[in-house]
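Structural overview
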Amino acid sequence: MALSTGRSNGGGATVAQRLQKELMDMMTHPTEGITAFPDDENMTKWTATIEGPDDTPYAKLTFKLSMEFASTYPYTAPTVMFKTPIYHPNVDFSGRICLDILKDKWSAIYNINAVLLSLQSLLGEPNNASPLNGEAADLWEKDFPEFQRKVTARHKAPEELDAGDI
Amino acid sequence: MDYQSLAFASVFPVPSLSHTTPTPIATPDLGYTVPGQSFGSPYISNASGQHRAVRRNLAWSTATRFLSLPKQIVGTNASFDALRLPRNLEIEDALVYLLVGEGKSEGKHEESLVDWYTSEVRLHFANLVRPILEELWNKVFDVFWYEIELRHAWELLGHTQEVLQRVQHLYLQSFSDHILPFLLQNNISSSSSTIRPNRPTHAADAYAADSTDWSFRRDIHAVFAHCVPSQRFSKTLSYILYDSGCKLFRIYARQDGVQPVPEPDDIRASRQRMTDLLQGLEQVGLGGDIAQKAFAHSMDKLLDSFITSHYLKVDWFSKKSVVPQIRMWIRDGFCPLVELVMECLRCDPSNVQPTELQSWQEMALGRLGRARVDDLFDFVINWDRSKGAILDIKEYLKIAGAKQNLTSSFSQQISRRLLHPGATTTYILNVYIFIIRAFHELEPKGVLLERVARPIRRYLKDRDDTARIIISSLLTNLKDESGTKFTSGGELSYEIASEMQQPFENRDHEPDSELDWNDINWQPLPTDASPEYKKSKVEDVIWFLLTLWEREDFINELRNILGDHLLRCQDPEYQNEIRLLELIKIRLGEDKMQACEVMLRDVLDSKRINDSIRASRPSPLRTPELTRQPRHPRIPRKPRTPRTPQGVPRTPLSGRLTTSTPHVPSWTPNAPAGTTLNAQILSSFFWPLLRDDEFLVPAQIQTLQKEYESRFERIKGMRKLRWMNALGDGAVTLDFSDRTEEYDKLTPWQVSVIYAFQPQPGEEQNVRKGKAKAKDASISRNVAELEEMLEMDELLVRQALAFWAGKSVLRETGPDTYEVVEILSTSASDTDAAAAAQELAEVQAQAQAGAVRSQSDVLLEKKEVYMTFISGMLTAQGNLPVNRILMMMRIMVQGGFPFGAEEVRELLTVMESEGKVVALGGDSFGIRK
């Protein structure tokens with residue numbers, strides 16, 4: 001916390017530089033199944049996609065996320081939301097995510113790639129102890145085929161999503 | 001007519017045959033009966049009127065018969081009076097009666113004798129003269145539609161004038177002999193008969209006579225003028241005036257294309273001829289408006305022709321303006337002519353007003369200026385010698401509208417003659433420099449220059465090689481370059497180089513001229529300057545060139561070129577480079593120049609370090625035989641060193657080294673000290689990306705490098721070097737069985753490859769045996785072997801092999817297999833092979849030339865990253881147009897995206913062919929789904 005307040009001066013430029021560097025890293029060493037890119041010349045808003053891991057109900061599905069970085073990044077966590085509707089115990093219906101590293105466990109050593117990788121693994125291993133979507137958590141435990149069906153029913157391809165936006 | 005018939009006619013007037021007899025003679029007008037009076041008596045109404053009418057008829061008949069004009073064409077000089085009957089008393093009476101007596105026309109229904117005579121003249125003219133004139137004019141016009149055959153013009157007008165003058169004489173003679181005197185007489189008689197002479201009355205009568213005379217003349221002139229086709233007449237006349245003007249002023253380039261025949265003494269004659277003709281025309285009434293218009297027209301053309309003929313030639317030697325001469329000519333040559341003509345045409349006033357003179361001078365200047373502006377481009381490219389013409393234009397610019405004309409005309413000339421793909425950048429730059437110089441003369445305030453130079457600057461900015469040419473020209477030393485380097489197709493601009501030689505002027509201390517209130521020569525900015533316009537303080541040519549780009553772009557480019565240049569530079573003092581940097585710093589300010597300064601300091605420091613390292617070397621590395629002096633700049637990479645200022649992560653070095661290495665047995669060391677290595681230590685952070693092809697250098701050099709490295713570490717406190725083997729150059733001496741040859745300025749890979757033809761450690765003993773066997777020991781190697789031995793790129797291997805083959809050092813013995821040419825044979829096949837190889841080597845060398853990686857190399861290398869960027873961008877943001885992609889790339893790519901829309905489009909095309917993106921039309925692209 002001390003660090004973040006100390007850095008508030010000229011934070012905008014620093015964040016932009018940091019994000020530019022992260023972007024460059026991700027471009028030079030792309031990770032399979034993950035993409036992220038700024039929305040516009042204002043580097044603090046990004047759109048990311050993750051692909052559902054194999055052997056999970058989300059396999060072969062692509063999810064769009066929005067990321068927003070405060071001027072104190074990387075000392076505060078980015079705000080991450082699912083844009084693609086998703087049926088998941090730790091994600092509510094408006095896309096908000098319950099993930100420790102995006103909340104109190106955030107650390108400045110994380111970066112965008114790490115966040116997205118964590119989210120990708122969260123798809124396969126939900127934390128059913130603190131669900132945002134109780135029904136999903138229940139079904140995950142009790143009726144997996146039904147869970148699978150609900151996941152598929154709720155999912156929309158990014159294209160459909162785009163069409164919906166218009 | 002005999003007396004009898006006259007007597008008869010006096011009683012019973014015979015109706016005239018030539019004209020209508022007034023009705024009353026045949027049928028006397030009985031008048032109408034006034035209501036209330038008895039009908040039918042001739043005496044009832046107006047007996048006296050009746051009587052008068054009869055008398056008038058008689059007199060009329062007599063007078064008209066007398067005045068009737070002859071019915072055939074009169075001979076040239078025969079006086080008409082000779083044919084006419086003598087005027088007798090009766091006729092005089094009749095004339096007096098009709099003109100001034102009771103028979104004067106009363107009211108509107110009675111025709112006066114003057115009117116009758118006028119119409120008689122008209123009739124006569126229409127019947128007899130007009131056909132002649134029409135024939136005259138039509139004959140000439142038949143063939144040439146409207147254009148008169150020029151040589152006929154004089155004849156035609158002369159003839160016309162003659163005919164008209166003759167008939168006019170005829171008409172006027174009768175009029176003035178037989179009519180006018182009576183009118184005047186009447187005045188006299190009436191005034192004398194008046195008891196109290198009344199001067200006003202007399203004056204009025206004289207005036208009446210004059211006005212009759214005047215209106216008669218006007219009438220016949222109208223008839224004449226009507227008869228002559230006015231348009232043709234005015235054309236012909238204007239031609240005549242033009243022609244004589246041309247003759248008078250000895251004009252050579254005439255608009256009608258007539259070649260002047262040298263007739264030395266005909267000026268006076270032709271002037272006389274013109275004066276006569278004009279006066280004649282004026283006399284027959286053709287000198288009025290039509291002639292004046294024709295005159296104006298011809299003078300207009302004359303002015304043009306005169307200027308074209310006499311002043312368009314540029315005086316290339318005295319470099320003076322011709323404007324004063326033109327002004328003088330207008331005043332002393334043109335005006336007198338105009339006055340002469342106006343006098344002939346009886347214009348009013350017939351002398352030239354000073355304001356007119358001035359406006360003519362301006363007209364002349366305007367024409368001269370416009371004609372000059374049309375050739376301005378030629379003047380500009382011949383600048384300095386064409387100074388006279390430029391000064392003319394400078395005068396011309398004072399005229400309203402001149403600047404617009406100049407700007408638009410010159411812009412057109414530029415776009416047609418300069419800004420096209422056929423012009424080399426060097427040429428354009430040279431012309432731009434000329435433009436700057438010429439326009440500085442033209443308008444020192446620079447507003448005009450700014451305006452005309454805008455398209456050129458824009459165009460130059462788009463050319464890829466502009467910056468390179470400018471900077472390398474700036475770095476060229478004029479003195480020791482031969483003139484052949486500066487061809488228009490070449491890469492170096494002589495003009496820029498010579499500008500660079502001019503001494504620096506320290507303009508910082510120059511006070512702002514706009515604020516210098518003591519400046520007597522201060523001039524306001526021209527009216528067409530925009531409100532924000534501010535004349536640049538420094539204004540030499542180099543300043544204009546350096547400000548072509550945004551500062552930062554320029555400095556980036558400068559960094560690349562300077563880097564390349566420094567690595568090749570032979571001048572140990574780097575004077576030109578230091579000077580250039582100083583100059584740029586003065587012009588553009590010091591910030592952002594850090595990289596360039598570091599580069600310069602690197603090379604300068606390297607020298608020092610080399611010296612100190614060499615001094616600390618215990619014993620020179622000595623190796624037998626072959627001497628080889630490759631200079632290899634290399635860049636050592638070093639993990640972050642806390643010692644580097646600004647936390648520079650890498651401290652690269654480049655080395656120049658000189659080594660001796662053994663080769664074929666028969667070598668003598670040509671320097672007892674063996675080889676020396678000179679390294680250049682470059683701070684990679686500040687240098688542009690350099691080519692770093694990896695390959696093995698000869699063992700000796702490697703040893704030297706290691707040695708150098710260790711000493712360097714000692715001096716520089718553990719900094720590490722990363723050698724960049726592809727940079728630098730070297731010199732070798734090759735001893736063959738029959739010859740010794742020295743080569744320098746070789747590329748490192750050429751040195752390495754030739755060194756590879758040395759016996760390797762395993763093979764050495766065979767070769768060591770002696771000179772005699774050297775020939776047998778010629779080692780042959782093939783491309784694949786060399787690639788493996790040297791860990792070198794195939795391209796480089798082949799290039800080096802071709803180079804050596806071209807020098808007749810190697811010979812291709814089989815496909816891809818080469819051996820050393822120990823004994824130079826003179827066989828044609830070898831020579832041919834060598835020549836062919838040399839050609840190949842040159843082509844390849846060009847492709848390999850730069851030490852700094854070109855942009856296209858960078859693009860190629862980073863293509864993958866950029867493509868990932870683009871697909872990431874399209875995924876995150878949906879479909880985007882190319883320009884937007886470009887903008888985003890510029891913002892987001894770390895280290896900048898130095899490319900343009902063209903390259904982005906190229907990348908997108910590649911991606912499209914790989915099926916990653918899809919073109920959506922309208923220059924937009926999207927991710928293929």
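Anything mentioned here points back to the structure above.
All values derive from a computational prediction rather than experimental measurement.

What to know about the overall build of chain B
In terms of helices and strands, chain B carries 33 helices and 12 strands. Here chain B holds 929 residues, and 47% of them are scored as buried. Taking all contacts inside chain B whose residues are at least 6 apart in sequence as the whole, residues at least 24 apart take part in 75%. Counting every atom, chain B has about 47500 Å² of accessible surface; 53% of that belongs to carbon and sulfur.

Quick word on the pattern of salt bridges
Residue and element names in this part refer to chain B. Applying the stated criterion across every chain yields a total of 18 salt bridges over all chains. The partner of E395 in a salt bridge is K398, and the shortest N-O contact between them spans 3.2 Å. Note on E395: relative accessible area 23%, which makes it partly exposed. For K916, the salt bridge goes to E914, with nearest N and O atoms at 3.2 Å. The class of K916 is partly exposed, set by a relative accessible area of 36%. Since its relative accessible area comes to 43%, E914 is described here as partly exposed. Connected via shared salt-bridge partners are D300, D304 and R367.

Concerning the packing of helix α11 (residues 289–311) of chain B against helix α13 (residues 354–374) of chain B
Residue and element names in this part refer to chain B. With their axes 10 Å apart at the nearest point, α11 and α13 run at an angle of 50 degrees to one another. Looking at the two axes, α11 sits oblique to α13. Crossing of α11 over α13 shows right-handed handedness. Residues D300, L303, D304, I307 and Y311 of α11 pack against M363, A364, R367, L368 and R372 of α13. Class assignment for the residues of the contact of α11 with α13 results in six nonpolar, no polar and four charged.

Some remarks on a negative patch on the surface
A cluster of like negative charges, contributed by E32, E51, D54 and D55 of chain A, occupies part of the molecular surface. If you trace the backbone, D55 of chain A turns up in the loop between β2 (45–51) and β3 (62–68).

Section: the packing of aromatic side chains
Residues and elements named next belong to chain A. Counted according to the given criterion, the structure contains 17 aromatic pairs over all chains. On the basis of an interplanar angle of 70 degrees and a centroid distance of 5.8 Å, the ring pair of W46 and F69 is categorised as edge-to-face. Taken as a pair, W46 in strand β2 and F69 in the loop between β3 and β4 (79–82) lie far apart in primary sequence, 23 residues in all. The exposure classification of W46 matches that of F69, with both residues buried. The interplanar angle of 90 degrees and the centroid separation of 5.9 Å between the aromatic rings of F63 and F82 together place this pair among those described as edge-to-face. Separated by 19 residues along the polypeptide, F63 in strand β3 and F82 in strand β4 bring together distant segments of the chain.

Each value, and the rule that gives it
- Along each chain, residues carry numbers from 1 onward, in the same order as the chain's sequence is written.
- For this description, chains carry letters from A and ligands carry numbers from 1, given in the order in which they are written.
- Local features are withheld for residues below a pLDDT of 70 in this predicted model, meaning they are given only at 70 or higher, and side-chain atom pairs are given and counted only at 80 or more; totals for whole chains, interfaces and linings count all residues.
- Remark: hydrogens and water are excluded; side-chain values derive from all non-hydrogen atoms of the structure.
- Starting at the N terminus, helices and strands are each numbered in turn, a helix being any DSSP run of H or I of at least four residues and a strand any DSSP run of E of at least two.
- Between buried and exposed lies partly exposed: a residue is buried under 20% and exposed over 50% of the maximum accessible area for its type, with that area taken using a 1.4 Å probe on protein chains only.
- Residues are treated as being in contact if the distance between any of their heavy atoms lies within 4.5 Å.
- Each accessible area value is a Shrake-Rupley result obtained with a 1.4 Å probe; residue values ignore everything except the protein chains displayed when judging cover.
- Salt bridges are defined by distance alone: a side-chain nitrogen of Lys or Arg within 4 Å of a carboxyl oxygen of Asp or Glu.
- Note on method: axes are straight lines fitted to C-alpha atoms, helices fitted across the in-contact stretch only, with angles between N-to-C directions ranging 0 to 180 degrees.
- If an angle is under 35 degrees, it is roughly parallel; if it is over 145, roughly antiparallel; if it lies from 65 to 115, roughly perpendicular; otherwise it is oblique.
- Throughout, a crossing is termed right-handed when the near helix is turned clockwise from the far one, and left-handed when it is turned anticlockwise from it by less than a right angle.
- Side-chain classes follow a simple rule in which Ala, Val, Leu, Ile, Met, Phe, Trp, Tyr, Cys and Pro form the nonpolar group, Asp, Glu, Lys and Arg form the charged group, and the remainder, Gly included, forms the polar group.
- Each patch is assembled from residues with relative accessible area greater than 30% and no salt bridge, linking like charges that lie within 9 Å and nonpolar side chains (Val, Leu, Ile, Met, Phe, Trp, Tyr) that lie within 5 Å.
- Note that His is not counted, nor are the chain ends; the positive residues are Lys and Arg, and the negative ones are Asp and Glu.
- Where a charge lies is defined by one atom per residue type, namely NZ (Lys), CZ (Arg), CG (Asp) and CD (Glu).
- Centres within 6.5 Å are what make two rings of Phe, Tyr or Trp a pair, Trp counting through its six-membered ring; a difference in plane orientation under 30 degrees is then read as stacked, over 60 as edge-to-face, and the rest as tilted.

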